[in-house]
Each structure stands twice: as structure tokens, then as C-alpha cells.
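Given next are the chains, with one letter for each unit.
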Amino acid sequence: MAAKLITIVSILLASAPLCFSQNGLSPQFYDHSCPRAHEIVKSVIAKAVAKEPRMAASLLRLQFHDCFVQGCDASLLLDSSGGIMSEKRSVPNNNSARGFEVVDAIKSAVEKECPKTVSCADILALAARDSTVLAGGPSWEVPLGRRDSRSSSFSGSNNNIPAPNNTFQTILSKFTQQGLDNVDLVALTGSHTIGNARCTSFRQRLYNQSGNNQPDSTLDKSYAAKLRSGCPQSGGDQNMFPLDFVSPTKFDNSYFKNILSSKGLLNSDVVLATKNKATRELVKKYAENNQLFFQQFAKSMVKMGNISPLTGSKGEIRKNCRKINT
């Protein structure tokens, strides 16, 4: 009998990671308290992405920019008020982060179904997954049970989020500070397979290299010429360009193929293949094997979603994602 009990306990322990992450999050968190939560989130996002395909990338990006600042707690969604200085106004987010109205619509629909139950932080996590799937990418079980912060960190937003012109070592350091490694770095940066970047994010690669006003030597000449035609040396800061010019709205591994053919848009893309042997090998592997990229992206998204969540009695469930409860 004792041996049988030990076997049962062993089986339960072995299967536990499938249901619970180390911090108590669980994909089944809302199964009883709000069973239609997943369906509602997916429905609102499907309409938003059908209306504007670019929205998939924008919603996916929101979770990155939230989790890298004091954990996955929806602090990014807070507007400035009282003692709160919104992270939306920080350099990485100002005139760049978007999709907040879609999050508002999801929250409104969920509140009607299950008041004061589903957190804004969990909405961001589900939105990132559903946006990826709608763009043709992988799916994964999203651990849930996060609660929302009652504070934001403007300085954290300015300092913790990797920038397009950061050096490789700076970018890697910002990932390792969050408990993410170089495998996560390459896989998660693969989200650049969808979405756009502004001219101001990569202009330095097009001009004034080596003092001769020429493009960066790591940039394909014909590709550089196309970029220069829409991104002049001065002006046009907000002109938009696809991060993946081959399939800009499709989630696939062409992003990695672009990097290897010297057609990566941002400096932060290029350094993955030029500044570190280990990350270059990963870029090659993902360029050759789309399924391998999808598998690792899903794993790394779950890992990123586990960064310092508020659980239990910490934080709150905001009624409005833009402001703390009164």
C-alpha cells in the first residue's frame, strides 16, 4: 500500500509542472471563476487583428515591455495620475507602444462576464499568445493567476527595456537581469518576424558609417538603398518599415534568414549573428528549422511571463487597466 501511495505521489509531482509554474501560476486558474475568459480575449483580438494586422505585433510587444519592468504586473498599462508617472511616456514606449485600446476592450468585455476576477496582467499574457497564433505562430498554455501592480516604474521602463541601438552585451545583460538566457534572447527577438520599426530606430545604420556617409557594412547594399529612399538623413523620423520585409505580417522564421543575408533591420537584430558565436548558431538553427524556432519561442514566452508576477494577496485586480482601484 505504501509503495502504491509513493508511486501515485511521484506521478502527481512529475505532472505538476504541466499545470503549475514554480510561482503558483496555472493555465487552469480561471476555469471556475471565469470559464469564458480565454474565449472573450481571443474574440476581441481576432476582430482587432482582422481590422489591422499590425495589431498582432503591437499586442505581443506589450507583454515584453511590461514584464521587463518590475515583472509581469500590467504596470505598463497605468496612465499618469497622482503619484504615478506612466511607463507609456518612457523613451522605449512613447509614440511607440500601442494597442492599449484593444486591452481596454478586452477588459470591458471580461468585466461584464466576471467582475473583478481577471487581471490586466493576465490579459496581456493571453493577448500575446493569441496575437502570435493569429499571425500564424505557435500556441502555448499560458500560466495564469497574476495580479496587477498599484505602481509603475518610469525609470525602470527607460533602463530595463533593450533598445534597437544597444550593444550585444547590453542587450544580453538586460535579458539575464530578468532570468532569461541567450537562447531566450534569440528566440524572443524572433518576434521581430512581425511588426514595424520607425526610421529613427535604425537611421544610424544608414548614414555616417566610418565618416563617409555610407551604410553599415553589415547591411546588404540594395536593401540599404531601399531603406534610405524612405528614411532620409534628416526628417521622416516616424516613417514605418517592416522588421521582416519578406513576410511582415506572418509569424515565421524568415526574420532569421534575413539576418543571415545581411537584411536585418535593427542593430539589435544584426548583433545576434555578428557579435556572439552561440547566438549566431541559434540564428542559423532557427533559419533552417521553423518548427524548432516555434517550440523555443513558446517555451521562452512562458518563461518570460513568469518574471516576478504578483500572486495571492499581492497587488490587486484592477477594474480599469489604466488606473489603480480607489
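Conventions and cut-offs
Residues numbered from 1 in each chain as written. Predicted model: local features only at pLDDT ≥ 70, side-chain atom pairs only at ≥ 80, totals over all residues. Heavy atoms only, no water. UniProt positions renumbered as here; feature names shortened; annotations may be inferred. Phe/Tyr/Trp six-rings, centres within 6.5 Å; stacked < 30°, edge-to-face > 60°. Helix = DSSP H or I, 4+ residues; strand = E, 2+ residues; numbered from the N terminus. Buried < 20%, exposed > 50% of the residue type's maximum accessible area, 1.4 Å probe, protein only. Lys NZ or Arg CZ within 6 Å of the ring centre and 35° of its normal.

An unreviewed UniProt entry annotates the chain as Peroxidase of Perilla frutescens var. hirtella. Annotation of the chain in UniProt includes, under Catalytic activity (unreviewed entry), the sentence "2 a phenolic donor + H2O2 = 2 a phenolic radical donor + 2 H2O". According to the UniProt record, the Subcellular location (unreviewed entry) comment for the chain reads "Secreted".

In this structure the tally under the stated criterion is 14 aromatic pairs. Pairing F256 with F293 gives two aromatic rings, centres 4.9 Å apart and planes at 80°, and the pair type is edge-to-face. Here F256 is found in helix α10 (residues 254-260), whereas its partner F293 is found in helix α13 (residues 290-305), with 37 residues between them in sequence. For the pair formed by F256 and F293, the shared burial category is buried. Here a set of aromatic residues connected by ring pairs shows up, and it is made of W140, F251, Y255, F256, Y286, F293, F294 and F297. Lying over the aromatic face of F100, K88 brings its terminal NZ or CZ to 4.3 Å of the ring centre.

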